[in-house]
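Commentary on secondary and tertiary structure
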Amino acid sequence: MKEYNLTDSYITDITEKKALSTDNLQVYYGDNHAIFDANLNFPRYKITALIGASGCGKSTFLRCLNRMNDKVARVDGEIMYRNTDINSSKINVYEVRKHIGMVFQRPNPFAKSIKENIIFALKNAGINQKDELEERLEQSLKSAALWDEVKDNLNKSALALSGGQQQRLCIARSIAMKPDILLLDEPASALDPISTSKIEETLQTLKKDYSIIIVTHNLQQASRISDYTAFLHLGHIIEYNSTVNVFTHPKMRPTEDYVSGNFG
Amino acid sequence: MNAKKIDHLATGVIYTLVISVIVILIAILGYILFNGVPDISWHFLTSAAQSFSAGGGIRDQLFNSLYLLILTIIVSLPIGLGAGIYLSEYAPNNWTTELIRTSVEVLSSLPSVVVGLFGYLLFVIKLNLGFSILSGAIALTFFNLPLLTRNIEESLRGVPDLQREAGMSLGLSSWKTTTKIVLPAALPGILTGLILSAGRIFGEAAALIYTAGQSAPTVDYTNWNIFSTTSFLNPMRPAETLAVHIWKVNTESVTPDAHLISSASSAVLIIVILIFNLGARFLGNKLYNKITASK
């Protein structure tokens, strides 16, 4: 692997409204320092992609943003959301996760019916009116472009759906909670091209109402759907800029090598 | 020899081994059922045992076995669930947890007669519970708990971590995730383990001889007052179970039809355990389909 100077970086300023920002974020797995000084601002109602080679820390970084690394790794630094540091130990993490939803690499619907998958967490959050539940069920499935395919089978097991449908169900399940921010960890990497393009379309419509941060292996996907892109290498954020600039005029050498395929 | 021949040979050996296991099983089951089933009658199942004359039944023993089983499960299931949930969901990966796991394993290989004698000394004598269903149920809990805990832990671990992450990411607490998502998904496995352990409890004799006792006092099946000494529900009365009855009839009985009674009782015991085992599969599948809403 080529040696790069990891301390140099180009991080653009976000002038738009921010959804979330990290300040000097460090992650340690035991003695292993996995993320170094991450300072990123994520714009509102945009899609931001995190790209980089396997093991560069992009998933680790993403999982910090809704505290999914609690008990897994030590996370130092600040994560500012609505003027609050959500990385503080005093924060109610369950509340954080209601505002910052997450969709995982492999579809993980609950072993329950389609309907129950969506409304289960809602009921747990104290929403009990039948109308409200029905409305959120329909809305979220429509937003995830799944409604037409499942509306007659809402009581069927979610496990009977195809992989792509399951993943859209997981997206629907997240947005039914009406979060502000949606974190997606390679949501399409286990899916076929048709399901992938459906998910991408879904994300394009969702960004009207949600700030989306997506980790992806797929550079074409990043360039197709995202507005901003951050490139990570060995736990360092090397470059952060608008997606067009990252892919056409990369400022840093590692970024240029990575997006042009000369990496490693 | 070429690969094909070796493969044929290995397949042949494996088949022979499997067939011998099945033959042994069928021989034992067939022998017990063949000898016992002809003597099972409604009269045999519903009349009291006789000490000296022929024609006695197993009504009380059969009821005692079932009652003891229910009490044992009532005592051991909550403890097993708690321990299983702790070990699979909460226990940190360190030497204390390993120590607990090893202890559970050691406990599970404890001979049941030792458990019985321990129960006799501690519950019957020291705690003054006497020969009673309660002493028997606690002794059987000791006997049953390790395997039950292990089974619950394994069933919970079998649920993929992705399910836990899904719950967490929706703002559910670990407890809610465990009880509402992981536990239901593991329920078929837990149920199967529970029913299989019920079969073991039902057939256990050695642990009960010194705890639940070897006498079956006449009880009144219409007396529902649990505190009354004549009530069939009184947990403080001694109770000979079916398995103990078989042992006793064969060792010290003076009834002329002892052989018949022990054959028929053995058949009843085997049939009940078979029902448990088949029921476990059926119920497990049914429950899984219901919970996952498939079909």
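Because the structure is predicted, anything quoted here is derived from the model rather than measured. (Residues numbered from 1 in each chain as written. Chains lettered and ligands numbered in written order. Predicted model: local features only at pLDDT ≥ 70, side-chain atom pairs only at ≥ 80, totals over all residues. Heavy atoms only, no water.)

Quick notes on the interface of chain B and chain A
- On the chain A side, the residues contacting the 20 residues of chain B number 28 residues.
- Taken together, both faces of the contact between chain B and chain A bury some 2000 Å²; the carbon and sulfur share is 61%.
- Considering only the side of chain B, the residues that lose the most area to chain A are Leu 162, Ser 169 and Leu 170 of chain B, jointly responsible for 30% of the buried surface there.
- Between chain B and chain A we count 1 salt bridge in total. (Contact = heavy atoms within 4.5 Å. Buried area = accessible area lost by both parts, 1.4 Å probe. Salt bridge = Lys/Arg side-chain N within 4 Å of Asp/Glu carboxyl O.)

Describing the domain arrangement of chain B
Residue and element names in this part refer to chain B.
- Each assigned domain of chain B is listed with its residue range as follows: domain 1 (1-39) and domain 2 (42-291).
- Across the boundary between the two partners, domain 1 contributes 7 residues, which contact 8 residues of domain 2.
- At the boundary of domain 1 with domain 2, total buried surface from both sides reaches about 620 Å², with 83% on carbon and sulfur atoms.
- Between the two partners, domain 1 and domain 2, sit 0 salt bridges.
- For the pair domain 1 and domain 2, the number of links is 0 residue pairs in polar contact (both at pLDDT 80 or more).
- Class assignment of the residues belonging to the side of domain 1 that touches domain 2 gives a composition of 4 nonpolar, 2 polar and 1 charged. (Domains from an automatic or database assignment. Polar contact = N/O pair within 3.5 Å; in protein donor to acceptor, adjacent residues only side chain to side chain. Nonpolar A, V, L, I, M, F, W, Y, C, P; charged D, E, K, R; others polar.)

Description of the UniProt feature "domain: ABC transporter" (unreviewed entry) in chain A
- The UniProt entry lists residues 20-259 of chain A under the feature "domain: ABC transporter" (unreviewed entry), expressed in the numbering used here.
- In residues 20-259 of chain A, helix accounts for 38% and strand for 27%; the two terminal C-alpha atoms are 26 Å from one another. (UniProt positions renumbered as here; feature names shortened; annotations may be inferred. Helix = DSSP H or I, 4+ residues; strand = E, 2+ residues; numbered from the N terminus.)

Observations concerning the side chain of Ser 88 of chain B
- Mapped onto the elements of the fold, Ser 88 of chain B is located in helix H3 (residues 59-90).
- Contacts of Ser 88 of chain B, omitting those with residues within four sequence positions, involve Glu 153, Leu 156, Arg 157 and Arg 164 of chain B.

Observations regarding the UniProt feature "domain: ABC transmembrane type-1" (unreviewed entry) in chain B
- Residues annotated in UniProt with the feature "domain: ABC transmembrane type-1" (unreviewed entry) correspond here to residues 62-280 of chain B.
- When the span residues 62-280 of chain B is considered, its composition is 73% helix and 0% strand, and the gap between its end C-alpha atoms is 20 Å.

Let's talk about the UniProt feature "transmembrane region" (unreviewed entry) in chain B
Residues and elements named next belong to chain B.
- UniProt feature "transmembrane region" (unreviewed entry): in the numbering of this structure it lies at residues 12-34, 66-87, 99-123, 129-148, 181-202 and 260-280.
- The distance from the first to the last C-alpha atom of residues 66-87 is 30 Å, and the span holds 100% helix and 0% strand.
- Note that residues 260-280 is 100% helix and 0% strand, and that its end C-alpha atoms are spaced 30 Å apart.

Things to note about the environment of Leu 161 of chain A
Residues and elements named next belong to chain A.
- Note on placement: Leu 161 falls in the loop between helix H5 (147-150) and helix H6 (163-176).
- Note on Leu 161: relative accessible area 10%, which makes it buried.
- Put simply, Leu 161 and Glu 149 are 12 residues apart on the chain and 9.9 Å apart in space, counted from C-alpha to C-alpha.
- Contacts of Leu 161, omitting those with residues within four sequence positions, involve Ile 114, Val 150, Gln 166 and Leu 169. (Buried < 20%, exposed > 50% of the residue type's maximum accessible area, 1.4 Å probe, protein only.)

Quick word on the packing of helix H4 (residues 95-108) of chain B against helix H6 (residues 133-157) of chain B
All names here are of chain B.
- Packing of H4 against H6 brings their axes to within 8 Å, and their N-to-C directions diverge by 130 degrees. The pairing of H4 with H6 is recorded here as oblique in orientation. Only Pro 146, Leu 147, Arg 150, Glu 153 and Arg 157 of H6 make contact with H4, whose side of the interface consists of Arg 101, Val 104, Glu 105, Leu 107 and Ser 108. (Axes fitted to C-alpha atoms, helices over the stretch in contact; angles between N-to-C directions. Parallel < 35°, antiparallel > 145°, perpendicular 65-115°, else oblique.)

Looking at H3 of chain B
- Given a rise of 1.5 Å per residue, 32 residues ought to cover 46 Å, and the 45 Å separating the end C-alpha atoms of H3 of chain B matches this to within 8%.
- Ser 76 of chain B marks where H3 of chain B bends most, by close to 30 degrees; the proline Pro 78 of chain B follows one to four residues later. (Expected span 1.5 Å × (residues − 1). Bend = angle between axes of the 7 residues up to and from the residue.)

Describing unusual backbone geometry
- Residues other than glycine seldom take positive phi values, yet Glu 186 of chain A does so here, at roughly 45 degrees.
- Relative to the assigned elements, Glu 186 of chain A resides in the loop between strand S8 (181-185) and helix H7 (193-206).

Quick notes on a nonpolar patch on the surface
Residue and element names in this part refer to chain B.
- A cluster of nonpolar side chains, namely Leu 107, Leu 110, Val 113, Val 114, Leu 117, Phe 131 and Tyr 210, defines an oily patch on the protein surface of about 540 Å² accessible area.
- In terms of residue count, helix H5 (residues 112-126) provides more of the nonpolar patch than any other element does, 3 residues in total.
- Examined against the element boundaries, Val 114 turns out to sit in helix H5. (Patch = residues over 30% accessible without salt bridge, like charges linked within 9 Å, V, L, I, M, F, W, Y side chains within 5 Å. Areas by Shrake-Rupley, 256 points an atom, 1.4 Å probe, with all protein chains shown as cover.)

Some thoughts on the packing of H6 of chain A against H7 of chain A
Residue and element names in this part refer to chain A.
- Orientation of H6 relative to H7, taken along the N-to-C sense of each, is 20 degrees, at an axis distance of 9 Å. If you check the angle between H6 and H7, you find them roughly parallel. Judged by the sense of rotation from one axis to the other, the crossing of H6 with H7 is right-handed. Here Gly 164, Gln 167, Arg 168, Ile 171 and Ile 175 of H6 come into contact with H7, specifically with Ser 195, Lys 198, Ile 199, Thr 202 and Leu 206. (Left-handed = near helix turned anticlockwise from the far one by under 90°.)

Looking at the sheet that holds strand S3 (residues 32-43) of chain A
Residue and element names in this part refer to chain A.
- Read across the open sheet, the 4 strands follow the order S3-S2-S5-S6; overall the sheet is antiparallel. Of all strands in the sheet, those with a lone pairing partner are S3 and strand S6 (84-85), marking the two edges.
- Strand direction decides the pairing type here: strand S5 (residues 74-81) and S6, joined by 2 bridges, are antiparallel. Each bridged residue has a counterpart across the sheet, and for Tyr 81 the counterpart in S6 is Thr 84. (Pairing = 2+ DSSP bridges.)

Regarding the sheet that holds S8 of chain A
Residues and elements named next belong to chain A.
- Ordered by their spatial adjacency, 7 strands build an open sheet running S1-S11-S10-S4-S9-S8-S7, and the pairing between neighbours is mixed. The strands lining the two open edges of the sheet, one partner per strand, are strand S1 (10-11) and strand S7 (100-103).
- Two elements, S8 and strand S9 (residues 211-215), share 5 bridges in a ladder whose sense is parallel. Paired with Leu 182 across the two strands is Ile 212, which belongs to S9.

Quick notes on the packing of aromatic side chains
- Here the structure, examined in full by the defined rule, presents 12 aromatic pairs over all chains.
- For the ring pair Phe 123 of chain B and Phe 142 of chain B, a centre distance of 5.9 Å and an interplane angle of 50 degrees mean the geometry is tilted. Taken together, the residues span a long stretch of sequence, with Phe 123 of chain B in helix H5 and Phe 142 of chain B in helix H6 at a distance of 19 residues.
- On the basis of relative accessible area, Phe 123 of chain B is assigned to the buried category, the value being 6%.
- A relative accessible area of 33% places Phe 142 of chain B in the partly exposed class.
- Through successive ring pairs, a cluster of aromatic residues spans Phe 42, Phe 61, Tyr 228 and Tyr 240 of chain A.
- The positively charged end of Arg 173 of chain A is found above the aromatic ring belonging to Phe 110 of chain A, 4.4 Å away from the centroid.
- Positioned over the ring face of Tyr 10 of chain A is Lys 251 of chain A, at 5.1 Å from the centre of the ring. (Phe/Tyr/Trp six-rings, centres within 6.5 Å; stacked < 30°, edge-to-face > 60°. Lys NZ or Arg CZ within 6 Å of the ring centre and 35° of its normal.)

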